[in-house]
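Chain by chain, the residues run as shown.
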Amino acid sequence: MNWLEVRLVFAIACLLLLPGWAFLAASGLWRRLATLIRWIAAISISAAFFPVLYYLARSLLPDLRIGVNKLIVLLVICAVLIIIFLRKDWKAQFAFERWEWAAMAVFGMTLFTRLWVAHTHPYPAWSDSLHHTYLTLLTATNGQLPFTLDPYEPTPLNMYHLGLYALTGPTMLLTNAPAHSALLWMAQVLNGLCGLGVYWTVDRLAGRRGAVLAAAVIGLFSFQPAWFVNWGRFTQVASQMVLLPALMLSWQALRAWREEW
C-alpha cells in the first residue's frame, strides 16, 4: 500500500463509521442490537447519511458548498458524540461472540479481495466509469450534487441516481486523491461490504451459523457482485449494499413500534 491508498482507506473508514455510530450512540438504539449488528447498522446508516445530507443541502440550501473543512468539522462532531455517549459502554461494542468473530473474518477477507483489485488495477474499468469519475469530480469541486454533466456534456441529471457521489466526492476532498481513485476505492469498499446485509437478514431469519455461511457465499464465492468492478456498476453495488440493512432497520423499527406502543 502506498500513502495515497492508506489515506483513502482511513477516510473511507471515517465516512462509513462515524455518522452511523454517532446516531446509534446519541439515540441509545445500539442497545437493541447484537454487537456485530451494531457495526453493520452504523456502516449502513453512514452510507445513507451522506446522500441524504447532499440532497437536502442542494434542495434547501442551494448556495451551500460542502467543502473539506465542513466535512472535517462534521466528522469531528460525530467523533465527539461517540466519545460522550459511549465513554462508559465502549467495551460493550467489542464484545463479539464466536460466530461474530467468524463473520468478521469473512468480511475482512471479502474486503481484502476487493481492495487488492483496486491496488493492482488502479484505474476503473469499462465505459461507465468515465461518467462516474466526472460526477465524483463535479461533486467534490462544486461542493454539491450536480444538476448536469456540464462542462463535460450538457446532459441533465434530474432522473439520475447521485447518491454514490455523495460518498466518492467527500472521499476525494478528504484525501486530495484523483477523482478516479476516490471513486474506485469507495466503490470497492462498498462492494466488499456486500455481505453485511445478507448476514443481518439470515441471522434474523435462520440463525448465526447460516448467516456466516451466507456472507461467505455472497462475498467470496459468488461471481457477482465482485465482478461488477470490471463493468463499472458502482451505483448498483452501492444500492445493493444498503438495501437489506435498510429493510432490517425498518423491520426493527416496526417491531419496536408494535411491541412498545
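Cut-offs applied
Residues numbered from 1 in each chain as written. Predicted model: local features only at pLDDT ≥ 70, side-chain atom pairs only at ≥ 80, totals over all residues. Heavy atoms only, no water. Salt bridge = Lys/Arg side-chain N within 4 Å of Asp/Glu carboxyl O. Helix = DSSP H or I, 4+ residues; strand = E, 2+ residues; numbered from the N terminus. Buried < 20%, exposed > 50% of the residue type's maximum accessible area, 1.4 Å probe, protein only. Axes fitted to C-alpha atoms, helices over the stretch in contact; angles between N-to-C directions. Parallel < 35°, antiparallel > 145°, perpendicular 65-115°, else oblique. Left-handed = near helix turned anticlockwise from the far one by under 90°. Contact = heavy atoms within 4.5 Å. Expected span 1.5 Å × (residues − 1). Core = buried A, V, L, I, M, F, W, Y, C linked by side-chain atoms within 4.5 Å.

Thoughts on the pattern of salt bridges
So, step 1. Within this structure, the stated rule accounts for five salt bridges.
So, step 2. Put simply, Arg 208 and Glu 97 hold a salt bridge, and the shortest N to O gap is 2.7 Å. Note that Arg 208 is positioned in helix α9 (residues 208-221) and Glu 97 in the loop between α3 (68-86) and α4 (98-120), a separation of 111 residues in sequence.
So, step 3. By relative accessible area, which is 47% here, Glu 97 ends up partly exposed.
So, step 4. The shortest N-O distance in the salt bridge between Arg 208 and Asp 203 comes to 3.1 Å.

With respect to the packing of helix α6 (residues 165-175) against helix α7 (residues 179-192)
So, step 1. Taken N-terminus to C-terminus, the directions of α6 and α7 make an angle of 125°; their axes are 8 Å apart at the nearest point. With respect to their mutual orientation, α6 and α7 come out oblique. In terms of crossing hand, the pair formed by α6 and α7 is right-handed. Contacts from Leu 167, Thr 168, Thr 171 and Met 172 of α6 reach α7 at Ala 179, Ala 182, Leu 183, Met 186 and Leu 190.

Focus: helix α8 (residues 195-206)
So, step 1. Between the first and last C-alpha of α8 there are 15 Å, a value that for twelve residues agrees with the 16 Å anticipated at 1.5 Å per step.
So, step 2. Within the span of α8, buried status applies to Gly 195, Leu 196, Gly 197, Val 198, Tyr 199, Trp 200, Thr 201 and Asp 203.
So, step 3. Buried positions along α8 lie against α2 (35-60), α4, α9 and α10 (234-259).
So, step 4. Looking one or two residues past α8, Gly 207 carries a phi angle of roughly 110°, positive in sign.

What to know about the nonpolar core
So, step 1. If you look at the biggest cluster of nonpolar residues, it comprises 68 residues, and the most contacted ones within it are Leu 16, Ile 40, Phe 50, Phe 107, Leu 190 and Tyr 199.
So, step 2. Examining the composition of this core, we find that eleven residues originate from one element, α2, more than from any other.
So, step 3. Ignoring sequence-local partners within four residues, the contact set of Tyr 199 consists of Leu 36, Ile 37, Ile 40, Glu 100, Ala 103, Phe 107, Arg 208, Ala 211, Val 212 and Ala 215.

Purely spatial values, then, with no claim about function.
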